[in-house]
Amino acid sequence: MAIAAKFIQQATMTEQTTAQHETPRELAGSHILCEALVREGVTLMYGYPGGAIMPFYDAITDYPVLHHVLVRHEQAAAHAADGYARVTGKVGVCIATSGPGATNLVTGLATAFMDSIPMVAITGQVARPFIGRDAFQETDVIGMTQPVTKHNFLVRNADEIADVVHEAFRIARSGRPGPVLIDVPKDVLFAKTMYQASATATSDEILQAQPVERPAEHLLAQAARMIAHAQRPLIMAGHGIILANAYDELRAFAEKTSTPVITTLLGLSAFPDTHPLQIGMPGMHGPAHTNKAIGEADLIIGVGMRFDDRVTGKVSEFAPKAKIIHIDIDASEMHKVKVAAVPIVADAKIALQALTEVVAPADHSAWLSEIRSWEAQNNERAKSIQREETTAPDPISILEAIRQSTNGEGIVVSDVGQHQMWTARFYQWTRPNSYITSGGLGTMGFALPAAMGVKMGLPDVPVWVVAGDGGFQMNIQELATLQQEGITLKVAIMNNGYLGMVRQWQQFFHSRNYSETPITGPDYIKLADAYGLKGMRVTRREDIPAAMKEAMETEGTVIIDFVIEPEMNVYPMVAPGSAITNMIEE
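Figured I'd write up the structure that's included with this text. (Residues numbered from 1 in each chain as written. Predicted model: local features only at pLDDT ≥ 70, side-chain atom pairs only at ≥ 80, totals over all residues. Heavy atoms only, no water.)

### Some words on the sheet that holds strand 18 (residues 490–495)
What holds strands together in a sheet is hydrogen bonding between their backbones, with the strands either parallel or antiparallel. Sheet architecture is open: six strands sit in the order 16-15-17-18-20-19, paired in parallel fashion. Edge positions in the open sheet fall to strand 16 (435–436) and strand 19 (534–538), since each of these has one partner strand only. Strand direction decides the pairing type here: strand 19 and strand 20 (residues 558–563), joined by five bridges, are parallel. Within strand 20, the residue paired with valine 538 across the bridge is phenylalanine 562. Lying on the sheet, helix 18 (residues 395–406) is in contact with strand 15 (411–414), strand 17 (463–468), strand 18 and strand 20; it crosses strand 17 at an angle near 170°. (Pairing = 2+ DSSP bridges. Helix = DSSP H or I, 4+ residues; strand = E, 2+ residues; numbered from the N terminus. Contact = heavy atoms within 4.5 Å. Axes fitted to C-alpha atoms, helices over the stretch in contact; angles between N-to-C directions.)

What follows is the structure, encoded as structure tokens:
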């Protein structure tokens, strides 16, 4: 059965299951957990069974609406749930057993936490009498995950399970989203208690009682005055635009005020690259004209972004001439890095709507023209640096071919490293929320499992994985999951035989001492064949279009090994601790 049809059938079954179970009845904790997940609308989850979580896996066979994907490593379960959540807006769900199963989720939870992704992780725990006694496969997962979750729960009785699940989903998706962990002892999963589904409100009902408030009028008025007096304003749009679905509001505000727009790494695709006000990505690998604009701006309007160190560089020299209006849903972000003249704690969508209503139309065409002149001065030089005289495939050509293969309507899921920065810089983003990557934590191994979740969340959209040969090998085992589930991904490996970004830093800051960065890998054609998939290798730039065409026409997952120049670098680059206007350009 096709994935899309399967999910439509599962959604129907969810409604039927909920309707059938409104009378009180005695259930084991494992079945109550399933009932609560069904009531939350869950149809897909990623996990790996084990001893402590086994009663749950015994119960899910009674709930065919709960489609479980057996990953090959628990970290992949978390990344897949993460990818699913990023593109659907729903809460991703992952499952693991106690001990090593739970600890293997931690990197995925930290990734979701740093990037504000709604997830619920459910872990088994040893039976209550054994907690704290160093029992087999016992770890203090509550203590371990407190720093990397929005909240976590240890369920102590079966009659708490449903309420905890509903509260976990509410916390995960409300306000600034994030991951929540539920740890359930094995004996609680076995224990029986009376359960009545209708006794517990669903998360949707709870959220409806929490209205989103319009920002205070005096703050809006203050911001409007600053915008009216600005001669060189910039909008810096972050991931909060995507999380708030504030695309139209951002565009309306930018156009009314004629303000150039910068999008952060996680904000890429929040504002189309083809829009005349879009001027690029800021920070360590941002184009020179974008970083120069920040240095010359007299007003920065930061929306749904947190002034990350890779954006600001040396904080004291970031936007030295600018006052800051900061809009973010999380009050803890205010003044954390840069002091805001006007701090607005609000949902990005609501705040931009309100701000657009009170600002006066403006014309900053002269400022935009100045930025474009800087851009023109750097474009030819940048192209000559990136496309060196070689017959090997180059990153820009690969990325252009990926975009052409999907007419710009695909989703790109990148891993972490040089290829991530090339993708961020040189892919043309026009489809909203089309770039999925690990931003805050920078997790190598993210792309392949995350792309599984992306594809299962949006089964009719083409999904490309862009990875380096280092990061791809970190979760390479998930090729088996793709094959088992019949998931179609197209994979582009930029293979330079190095841990590329680390090697680049070694080149610039450690006198080319390439300590432990050369890396070998498998024959990806043979590897793909071993998993029942299609593998290809491209060693010449001229062969890129034909390879892309064959990949798109081939049914199922295709892996393309692009053998690129070993020491190709990402330019420009800002040295750690330097101002972002002080760039290494070759």
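### Some remarks on helix 2 (residues 29–39)
With eleven of eleven residues buried, helix 2 lies mostly within the body of the structure. Every buried residue of helix 2 is accounted for by Gly29, Ser30, His31, Ile32, Leu33, Cys34, Glu35, Ala36, Leu37, Val38 and Arg39. Of the residues one or two after helix 2, glycine 41 is the one with positive phi, at around 85°. (Buried < 20%, exposed > 50% of the residue type's maximum accessible area, 1.4 Å probe, protein only.)

### Here's the deal with the sheet that holds strand 6 (residues 151–154)
Read from one edge of the open sheet, six strands run 3-2-4-5-7-6, paired in parallel fashion. Each end of this open sheet is capped by a strand with a single partner; those strands are strand 3 (67–70) and strand 6. Taking the axes of each pair of neighbouring strands and ignoring which way they run, one obtains an average angle of 20° across the sheet. Relative to strand 7 (residues 179–185), helix 8 (residues 161–173) is tilted by about 165°, and along the sheet it contacts strand 4 (92–96), strand 5 (119–125), strand 6 and strand 7.

### Some words on the nonpolar core
Counting 60 residues, the largest nonpolar core has Leu234, Ile241, Ile300 and Ile325 as its most contacted members. Tallying contributions element by element places helix 11 (residues 217–229) first for this core, with six residues. Sequence-distant contacts of leucine 234, defined by excluding residues within four places in its chain, comprise Thr259, Pro260, Ile262, Ile279, Ala293, Ile294, Ala297, Leu299, Ile300, Ile301, Trp367 and Ile371. (Core = buried A, V, L, I, M, F, W, Y, C linked by side-chain atoms within 4.5 Å.)

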